[in-house]
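This is what each chain is made of:
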Amino acid sequence: MEPDIKLKLEQLHSRVDALKDQINTEEATKNAFVMPFIQILGYDIFNPTEVIPEFICDIGTKKGEKIDYVIKKDGEPILIIECKHWKEKVDAHNSQLHRYYHVSKSRFGVLTNGHVYNFYADLEKPNIMDEKPFFSLDLSNLKDSSIKILEKFSKNGYNLEGILDSAESLKYIKAIRNEFEKELSDPSDEIVKILVNRFFDKPITATRLASFKQYTKKAFSNTINESINFRLKNALNINETPHTNTEEKVENIDSNTNTPKFITTQEEIEGSQILKAILREKIEASRIAFRDTQSYFGVLLDDNNRKPLCRLHFNSSNKYIELFHNGKDNGEKKLLNSLDDIYTYKKEILNTLVQYE
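Caption draft 1: Seen up close, the sheet that holds strand β3 (residues 76-83). Spatially, 6 strands are ordered β1-β2-β3-β4-β5-β6 in an open sheet, and the strand pairing comes out mixed. Either end of the sheet is taken by a strand with one partner, and the two such strands are β1 (51-56) and β6 (135-138). Direction aside, neighbouring strands of the sheet carry axes that sit 25 degrees apart on average. Bridge count for β1 against strand β2 (residues 66-73) is 5 bridges, and the pairing is antiparallel. Directly across from I56, in β2, lies its bridge partner K66.

Structure follows, in structure tokens:
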């Protein structure tokens, strides 16, 4: 697969967000969002022997049933794709893809709304599609691990045995992860007792158990947040020192508790991904720097304090993006109703970038 597949997917995500309000039909969703995705995988959408739209598939007494797309390699179907309108949830229409899968020779089926792609196989019963996908790709939350899995479905990287070997592990890893996430948000009595019995040798009464559940939940939260904060700063080259020209320097570690005074939140992480996708249309990723402070999450050009591109203010009930015009120290704050609203200011952000070039 081409090395810039992630960049292409990020650009596709930007396209989806920019155009979705103008996409009013399922057919338009396919043309505007799904076909570019198929192209990113390396398949020729203009070659009817490779990508077959509206493939007729007779199902029992029903004649003329159609699958949105069948992708073939070496003359054999390797992937069937069923599309829905971008507003629909992709987990609500499994029955239709189930029927198509049953009569298809393909080992893999995809259900998509143009921004989420769910991949299915027949791991439980031969030739019967599993109820749950073994792999999901969300364009708004691209991960390197997901990109590596997607590469196995590309034209140049397709490997049936390789996918089947990893599909079962992906399926059960996902199931275990779901259970783990449930424990993180609401630890069960069983998990709490397992952990506490390792260091607490007294009887665990109902009152103590209730307290230990709260302690466990807090311990989980602190551990995960600190890990995310540390890894994000390393991955995105975040400098903890705020702009010393405009604000008093704040140390990130509380000397009394040895814990972070602030944590980079999940929303800030997602916001940084959106901003990175916007800026990478014009500059290399290495020139984009992020700085997290107590009062804002900043984006700089070339890690230069004098070249702020924008700031995210997500530390209150209302969320804002701060835009900079002509390199002024004080920016202009704009209210964000959702993270997707960041794309509304794509032009302003790129104009700010031009001011520094």
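Moving on from the coordinates now.
Caption draft 2: How the structure looks around the pairing of strand β5 (residues 116-120). Most of β5 sits inside the fold, with 5 of its 5 residues counted as buried. Here β5 shows two buried faces, one formed by V116, N118 and Y120 and the other by Y117 and F119. When strand β4 (residues 109-112) meets β5, the two strands line up antiparallel, connected through 4 bridges. Paired with V110 across the two strands is F119, which belongs to β5. Where β4 folds back onto β5 in an antiparallel hairpin, the turn is made up of 3 residues, including G114, whose phi is positive at roughly 95 degrees.

Caption draft 3: Highlighting unusual backbone geometry. A positive phi is found at D302, a non-glycine position, where the angle reads about 60 degrees. Looking at where D302 falls in the secondary structure, it is placed in the loop between β10 (297-301) and β11 (308-313).

Rules behind the numbers
- Residues numbered from 1 in each chain as written.
- Predicted model: local features only at pLDDT ≥ 70, side-chain atom pairs only at ≥ 80, totals over all residues.
- Heavy atoms only, no water.
- Pairing = 2+ DSSP bridges.
- Helix = DSSP H or I, 4+ residues; strand = E, 2+ residues; numbered from the N terminus.
- Axes fitted to C-alpha atoms, helices over the stretch in contact; angles between N-to-C directions.
- Buried < 20%, exposed > 50% of the residue type's maximum accessible area, 1.4 Å probe, protein only.

All quantities given are derived from atomic positions and should not be read as evidence of function.
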